[in-house]
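Below are the chains, spelled out letter by letter.
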Amino acid sequence: CAGEDETCRVDHFTVNSNQDQVIMIKEGVEVEHTDSKTIASKSASTLLDDCKSTAKSHLSSDPESAINILEDLTKCVQKGIAVEIERANEEIAFQATVRKDMAALVENYTCADESLNTTEAKRTEYWESGGEFGRRMKVSVMIDRPASRIHTIEDFLTDDECRAVEERPPRSCT
């Protein structure tokens with residue numbers, strides 16, 4: 001405890017399930033807690049207050065034009081929302097670019113380092129190939145999500161098939 005009056009100060013905050021939470025402890029132990037929803041709500045309130053203020057000003061100077069003022073209020077809110085959506089879309093596009101760039105870097109790193117431990121399989125299944133030379137093969141399911149699936153098939157090629165693929169001359173990409 002310190003300060004001019006030797007008083008201890010305590011405040012509390014609760015973490016919630018919203019995104020982008022920021023807890024600021026200001027001088028005098030004043031806690032300010034923001035998150036994605038409160039920031040959006042504050043932005044919307046500010047926008048609406050600005051538009052309402054303009055509408056009230058017009059209404060007090062010309063009470064007969066209520067319809068026009070209502071239309072102006074609507075246009076003001078629509079314009080403000082459009083600006084906010086545009087900002088959000090720019091941020092989403094930026095984050096998507098960063099994510100894709102990071103994925104390429106991680107992919108290059110993980111594929112180049114053969115000493116890295118491999119991911120443990122989520123589950124193991126068996127697959128039977130068809131045809132006259134049908135075989136039963138072990139399938140390790142590493143990732144199985146709607147957007148990405150990684151399955152490895154043990155002994156997918158015989159040694160002779162593998163050699164044939166390795167010895168095949170590469171195709172030109174031109």
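Use the structure listed above.
Parameters at a glance
Residues numbered from 1 in each chain as written. Predicted model: local features only at pLDDT ≥ 70, side-chain atom pairs only at ≥ 80, totals over all residues. Heavy atoms only, no water. Pairing = 2+ DSSP bridges. Helix = DSSP H or I, 4+ residues; strand = E, 2+ residues; numbered from the N terminus. Axes fitted to C-alpha atoms, helices over the stretch in contact; angles between N-to-C directions. Disulfide = S-S within 2.5 Å. Patch = residues over 30% accessible without salt bridge, like charges linked within 9 Å, V, L, I, M, F, W, Y side chains within 5 Å. Areas by Shrake-Rupley, 256 points an atom, 1.4 Å probe, with all protein chains shown as cover. Salt bridge = Lys/Arg side-chain N within 4 Å of Asp/Glu carboxyl O. Buried < 20%, exposed > 50% of the residue type's maximum accessible area, 1.4 Å probe, protein only. Contact = heavy atoms within 4.5 Å. Polar contact = N/O pair within 3.5 Å; in protein donor to acceptor, adjacent residues only side chain to side chain.

**Q** Explain the sheet that holds strand 3 (residues 123-128) to me, and be specific about the residues and the numbers.
**A** The three strands lie next to each other as 3-4-5, forming an open sheet whose pairing is antiparallel. In this open sheet, the two edge strands, each paired with only one partner strand, are strand 3 and strand 5 (149-153). When the angles between neighbouring strand axes are averaged without regard to direction, this sheet yields 35°. Note: strand 3 against strand 4 (residues 136-144), six bridges, orientation antiparallel. By the bridge assignment for strand 4, Arg123 is matched with Val141.

**Q** With reference to specific residues and values, describe the state of the cysteines.
**A** One pass over the structure, following the stated rule, counts one disulfide. Put simply, Cys51 and Cys76 are joined by a disulfide, and their sulfur atoms are 1.9 Å apart. Between Cys51 and Cys76, the S-S torsion sits near -80°, and that sign places the bridge as left-handed. In this pair, Cys51 sits in helix 1 (residues 36-61) while Cys76 sits in helix 2 (residues 66-112), placing the two residues 25 residues apart along the sequence.

**Q** Tell me about a nonpolar patch on the surface, residues and numbers included.
**A** Taken together, the side chains of Trp127, Ile153, Phe156, Leu157 and Val165 make up a nonpolar region of the molecular surface, amounting to roughly 440 Å² of accessible area. Looking at the element boundaries, Ile153 is found in strand 5.

**Q** Hey, could you go over the environment of Arg135 for me, with residue numbers and the actual values?
**A** On the secondary structure map, Arg135 appears in the loop between strand 3 and strand 4. Under the relative-accessibility criterion, Arg135 is labelled partly exposed at 29%. Linking Arg135 and Val165, residues 30 residues apart in sequence, is a C-alpha distance of 20 Å. Excluding anything up to four places from it in sequence, Arg135 contacts Trp127, Glu128, Ser129, Asp155, Phe156, Leu157, Thr158 and Glu161. Polar contacts involving the side chain of Arg135 include one to the main-chain carbonyl oxygen of Asp155, which spans 3.4 Å. For Arg135, the side chain forms a polar contact with the main-chain oxygen of Phe156, separated by 2.7 Å.

**Q** Can you break down unusual backbone geometry residue by residue, with the values?
**A** Unusually for a residue other than glycine, Asp155 sits at a positive phi of about 50°. In this structure, Asp155 sits in the loop between strand 5 and helix 3 (159-167).

Distances and angles like these do not, on their own, reveal function.
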